[in-house]
Amino acid sequence: VQDDSVSSEDTASDSVEAAKNASDKKEKLADQVMQNPQVLAALQERLDNTALTPSSYIETLPKAVKRRIDALKQLQVKCAHIEAKFYEEVHDLERKYAALYQPLFDKRREFINGEAEPTDAESEWHSENEEEEKLAGDLKNVVVIEEKAEAEEINVKGIPDFWFTIFRNVDMLSELVQEYDEPILKHLQDIKVKFSEPGQPMSFSLEFHFGPNDYFSNTVLTKTYKMKSEPDKTDPFSFEGPEIVDCDGCTIDWKKGKNVTVKTIKKKQKHKGRGTVRTITKQVPNDSFFNFFSPIKVSGDGESLDEDSEFTLAADFEIGHFFRERIVPRAVLYFTGEAIEDDDNFEEGEEGEEEVRCILYLL
């Protein structure tokens, strides 16, 4: 028993000695590290950054100074409300100038759909590569005189597949279009933007005008985006201008068997008692661009949407804004692809700068 006791004491003594040696090594290592100028500089920088964060700095200020800062925040809220009024007036300006654009867009529709032919003066256009195009055209005329003669005999009306080509060119839209949507979109004749009337809540509507087709009886499909231009009561400093808060679609009067937004599936069911099997058919949702006219509704009771629904709604708002700001005003350039090349040349941050420039110009 005595030997065992001695052995235990030796073991404990060894452990204490080992721990002391390890502690000494750590202290020596720490001393060596702290003598390194680079390490000291990094630590000092970290301490400086921690000490100078805005929130920690504000906490160190005298009570009287904090009181003045609160007064500045009240002024900032008043600025946000004035800014909201500014954007309401911008919306009125958009409505005014939309009326000036409309005669030009009506003429565009006539040329696209073959309802009118442009005069020589209206169709005169000098491109940047005119010399190269002229030379290439001369060579082509020499080689394909017969093909040109045959092509002249073909009577092409307007600009075929104008809007459908835009859908195909723009990635944001082409991702929504399924193969079975394409024949329908070939009947799309015009897209218009309409702004809410004076005195009405801020909104804009997209009108998709279709020619007669075998798919639905509607001549116009509409999508209305409701907007808000006022600071949030709980977070007024987040206000950055009007935002889309909800949207309404329309009912599409599909012809029998032509609804591309649903598909019919067959499913077998087995009777629990008799064991017999029957086949039933049911309709389930189908991916289609035309789901665009049946948007997710924002709940009016303050209930939050799930993450997928929020993402879908945000994407919908982005598409609506893109139609309004880009596609409709610059349709021919998205048809030719020139606007797409311009969009690709934008670096991150440039779009925001462009918006600022527009606001400054209005001011």
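Residues numbered from 1 in each chain as written. Predicted model: local features only at pLDDT ≥ 70, side-chain atom pairs only at ≥ 80, totals over all residues. Heavy atoms only, no water.

Participant: What should I look at first to understand the side chain of H209 in this one?
Facilitator: Tracing the chain through its elements places H209 in strand β2 (residues 203–210). Judged by relative accessible area, H209 falls into the buried class, the value being 19%. There is a polar contact of 3.1 Å between the side chain of H209 and the side chain of E207. When near neighbours in sequence (up to four residues on either side) are disregarded, H209 contacts H187, L188, Q189, D190, K192, T219 and V220. (Helix = DSSP H or I, 4+ residues; strand = E, 2+ residues; numbered from the N terminus. Buried < 20%, exposed > 50% of the residue type's maximum accessible area, 1.4 Å probe, protein only. Polar contact = N/O pair within 3.5 Å; in protein donor to acceptor, adjacent residues only side chain to side chain. Contact = heavy atoms within 4.5 Å.)

Participant: Hey, could you run me through the pairing of strand β3 (residues 220–228) in this one?
Facilitator: Residues in a regular strand project their side chains so that they alternate between the two faces of the sheet. What you see with β3 is a clean split: L221, K223, Y225 and M227 sit on the buried side and V220, T222, T224, K226 and K228 on the side with no burial. Bridge count for β2 against β3 is seven bridges, and the pairing is antiparallel. The residue bridging L206 from the neighbouring strand is K223, located in β3. Across five bridges, β3 lies against strand β4 (residues 243–248) in antiparallel orientation. Directly across from T224, in β4, lies its bridge partner D248. (Pairing = 2+ DSSP bridges.)

Participant: Explain a nonpolar patch on the surface here, please?
Facilitator: Judged by side-chain polarity, L93, Y97, L100, Y101 and L104 come together as a nonpolar surface patch covering roughly 520 Å² of accessible area. By secondary structure assignment, the location of L93 is in helix α4 (residues 63–112). (Patch = residues over 30% accessible without salt bridge, like charges linked within 9 Å, V, L, I, M, F, W, Y side chains within 5 Å. Areas by Shrake-Rupley, 256 points an atom, 1.4 Å probe, with all protein chains shown as cover. Salt bridge = Lys/Arg side-chain N within 4 Å of Asp/Glu carboxyl O.)

Participant: So what exactly am I meant to see when it comes to the sheet that holds β4 here?
Facilitator: Strand pairing in a sheet relies on backbone hydrogen bonds. The paired strands run either parallel or antiparallel. Across the sheet, which stays open at both edges, the four strands sit in the order β1-β2-β3-β4 with antiparallel pairing between neighbours. Every other strand in the sheet has two partners, leaving β1 (188–195) and β4 as the edge strands with one partner each. Within the sheet, the average angular offset between the axes of one strand and its neighbour, ignoring direction, is 20°. The sheet contact formed by β1 and β2 spans seven bridges and is antiparallel. (Axes fitted to C-alpha atoms, helices over the stretch in contact; angles between N-to-C directions.)

Participant: How should I be thinking about the nonpolar core in this particular structure?
Facilitator: Proteins that are soluble and globular tend to have nonpolar side chains buried together. Of all hydrophobic cores here, the largest spans 47 residues; its most connected members are F167, F208, F290 and F323. The dominant element in this core, judged by the number of residues it contributes, is helix α10 (residues 307–327), at six residues. Not counting residues up to four positions away in its chain, the partners in contact with F290 are D181, I184, L185, F210, F216, L221, I252, W254, V260 and T261. (Core = buried A, V, L, I, M, F, W, Y, C linked by side-chain atoms within 4.5 Å.)

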